[in-house]
Amino acid sequence: MATDRHLTAVPDRDNAETPGGVPTGEALALFLRHLAGRRGRSGRITSPETVRAYTSALPTAFTGIVHLGELASVGRDRLHTNIRGAWALYGR
């Protein structure tokens, strides 16, 4: 699937469980793979256009957030800032 070329996992240096949680790139790639095969309420599989939209939007939103655990602290503010910045660019 094309998702893999857009999102790559941030490697853990020692392969141990990190205090920061799951690497963001890995989590986003797994979510997009899940989304691509998911059936909605209508019973249809998620459209390729929707997957493409998420594939381009999520990396922008999560820029600078290395592990999902960061969302419990400063990562949350960064996520909000990234989304607001992207909205300002594309929302005009």
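Residues numbered from 1 in each chain as written. Predicted model: local features only at pLDDT ≥ 70, side-chain atom pairs only at ≥ 80, totals over all residues. Heavy atoms only, no water.

### Some thoughts on the side chain of threonine 55
So, point 1. Among the secondary structure elements, threonine 55 is positioned in helix α3 (residues 48-61).
So, point 2. For threonine 55, a relative accessible area of 10% translates into the label buried.
So, point 3. Here valine 51 takes part through its backbone oxygen, which lies 2.7 Å from a polar atom of the side chain of threonine 55. (Helix = DSSP H or I, 4+ residues; strand = E, 2+ residues; numbered from the N terminus. Buried < 20%, exposed > 50% of the residue type's maximum accessible area, 1.4 Å probe, protein only. Polar contact = N/O pair within 3.5 Å; in protein donor to acceptor, adjacent residues only side chain to side chain.)

### Quick notes on the confidence of the model for the chain
So, point 1. Per-chain confidence: the chain averages 79 in pLDDT, with 75% of residues scoring 70 or above.
So, point 2. Considering each helix and strand of the chain separately, the mean pLDDT is smallest for helix α1 (residues 3-6), with a value of 45, and largest for helix α2 (residues 24-36), with 91.
So, point 3. Long-range and interchain partners of residues 1-6, a stretch whose pLDDT sits below 50, account for ten contacts in this model, where long-range means more than four residues apart.
So, point 4. Note that residues 8-16 has pLDDT below 50 and, in this model, eight contacts with residues that lie over four places away or in other chains. (pLDDT = per-residue confidence, 0-100. Contact = heavy atoms within 4.5 Å.)

### Remarks on the packing of aromatic side chains
So, point 1. Counting across every chain of the model gives one aromatic pair.
So, point 2. Pairing phenylalanine 31 with tyrosine 54 gives two aromatic rings, centres 6.1 Å apart and planes at 55°, and the pair type is tilted. One end of the pair, phenylalanine 31, is in helix α2; the other, tyrosine 54, is in helix α3, and 23 residues separate them in sequence.
So, point 3. Using a relative accessible area of 35% as the deciding quantity, one classes phenylalanine 31 as partly exposed. (Phe/Tyr/Trp six-rings, centres within 6.5 Å; stacked < 30°, edge-to-face > 60°.)

### Considering the nonpolar core
So, point 1. Counting residues in hydrophobic clusters, the biggest one holds nine residues: Leu28, Leu32, Leu35, Val51, Leu58, Ala61, Phe62, Ile65 and Leu79.
So, point 2. Every element with two or more residues in this core is listed here: α2 and α3.
So, point 3. Discounting chain neighbours no more than four positions away, the residues touching leucine 58 are Leu28, Phe31 and Leu32. (Core = buried A, V, L, I, M, F, W, Y, C linked by side-chain atoms within 4.5 Å.)

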